[in-house]
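Summary of structural features
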Amino acid sequence: MICTASEAAARAENLVRRYGSGPAAVTALAGVSIEIPAESFTAVMGPSGSGKSTLLHCMAGLDTADSGRAWIGGEEITSMPDRQLTRLRRDRVGFIFQAYNLLPVLSAAGNITLPLDIAGRDPDRAWLASVVETVGLADRLSHRPSELSGGQQQRVAIARALVSRPAIVVADEPTGNLDSRAGAEVLDLLRRCVGEFGQTVVMVTHDPAAASCSQRVVFLADGQIVGTLDQPTPQAILDRMRALGEPEPRGPGPGPGPGPVPVPVPGPGPVPGPVPVPGPGPVPGPVPVADPGPGRIAQNGE
Ligand SMILES: Nc1ncnc2c1ncn2[C@@H]1O[C@H](COP(=O)(O)OP(=O)(O)OP(=O)(O)O)[C@@H](O)[C@H]1O
Ligand SMILES: [Mg+2]
């Protein structure tokens, strides 16, 4: 999908990201170019270790590429001084992580407005009210995260991501910890963020049903974009994943009942392609910035 720079909420040109050096080096991104049109919902899929989180982080200014360029709106982030990048991340990017990453000592309301509080800005009351109403948390605002279900906590995280009306919302496996009903609610919300609020969402997921809520799926393998699918259906996504050699999609988990988003019916079936290779390589372990943990929530609002 080609769009002009002014239409793009974010874009990247030839991003390369390597971790480690010598024989232990891992190329997480091997030259990725992508444009995310404003007011679009994009899913990123691919085998484990294919570079999905790294791409999201480099595009959102959470990680620094070794070469290549990236923009959020019209602003190039790859050449931006740290302080300016921190401010831009706080004001123009909303983050949603699999593990919610809420501050346990704050109420839902406190978590939602945290980015603005840190920035010393007053919330736009009408916008805040409409976000809180949309995520359905009006009667839970005084609760702390430990008093909320996983789905409710993720909805707090979505509200927090939206509160500053960011240029782009990035979500790394936002339904990964949720059962199918809560996952479906979160997906429905993300879709409404785009359709009703005009937000731009990029979501990493392993779940074809989740990805089919998007308008376009981008497939990564070995740190490269190997295909895209517009107006995706779960079946078309499954077919593409099998062709890429991903053995079995991870579903949204054992949920209590059907939600608005259908769980894919077809089983994974036999895998025609080769077994996927892009394992973690000699440098295992999680991406440090992927899961900032409660103590690092300020990444969203430093
Ligand atoms: N901080 C790091 N140090 C070393 N290697 C890393 C680091 N972060 C990522 N990698 C490696 O880069 C590659 C891409 O990792 P990335 O986390 O982007 O994959 P992913 O597609 O998000 O995988 P998953 O679906 O398992 O989350 C992997 O081989 C991974 O081991
Ligand atoms: Mg990942």
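Computed from a predicted structure; not experimentally measured.

The next point concerns the nonpolar core. Core analysis: the largest hydrophobic core is formed by 79 residues, its most contacted members being Ala159 and Ile168. Looking at which element gives the most residues to this core, the answer is helix α6 (residues 180-195), with 8 residues. Sequence-distant contacts of alanine 159, that is, excluding residues within four places in its chain, are made with Ile112, Val131, Val132, Val135 and Leu137.

A few words now on the sheet that holds strand β10 (residues 224-230). Spatially, the 6 strands line up as an open sheet ordered β6-β7-β8-β3-β9-β10, and their pairing is mixed. Each end of this open sheet is capped by a strand with a single partner; those strands are β6 (93-97) and β10. Taking each pair of neighbouring strands and ignoring which way they run, the sheet shows an average axis angle of 20 degrees. As paired strands, strand β9 (residues 216-221) and β10 are joined by 6 bridges and run antiparallel to one another. Looking at the pairing, phenylalanine 219 lines up with glycine 227 of β10. Against the sheet, helix α5 (residues 150-162) engages β6 and β7 (168-172), with an angle of about 165 degrees to β6.

Before going further, it helps to examine the confidence of the model for the protein chain. For the protein chain, the average pLDDT comes to 83, and 79% of its residues sit at 70 or higher. Contacts for the low-pLDDT stretch residues 1-5, under 50 throughout, to residues beyond four places or in other chains number 8 contacts. Throughout residues 252-302 the model reports pLDDT below 50, and contacts reaching past four residues in sequence, or to other chains, amount to 108 contacts.

Note on placement: phenylalanine 41 falls in strand β3 (residues 41-45). Sequence spacing of phenylalanine 41 and arginine 191 is 150 residues, and the spatial spacing of their C-alpha atoms is 7.1 Å. Aside from chain neighbours lying at most four places away, what touches phenylalanine 41 is Leu190, Arg191, Val194, Val201, Ser214 and Gln215.

What follows deals with the pairing of strand β2 (residues 26-37). Across 9 bridges, strand β1 (residues 8-19) lies against β2 in antiparallel orientation. Bridged to alanine 12 within β2 is isoleucine 34. Connecting β1 to the next strand, β2, in antiparallel fashion are 6 residues, including glycine 20 with a positive phi near 75 degrees.

How each quantity is defined
Residues numbered from 1 in each chain as written. Chains lettered and ligands numbered in written order. Predicted model: local features only at pLDDT ≥ 70, side-chain atom pairs only at ≥ 80, totals over all residues. Core = buried A, V, L, I, M, F, W, Y, C linked by C-beta atoms within 7 Å. Buried ≥ 20, exposed ≤ 12 C-beta atoms within 10 Å, placed from the backbone. Helix = DSSP H or I, 4+ residues; strand = E, 2+ residues; numbered from the N terminus. Contact = placed C-beta atoms within 7 Å. Pairing = 2+ DSSP bridges. Axes fitted to C-alpha atoms, helices over the stretch in contact; angles between N-to-C directions. pLDDT = per-residue confidence, 0-100.

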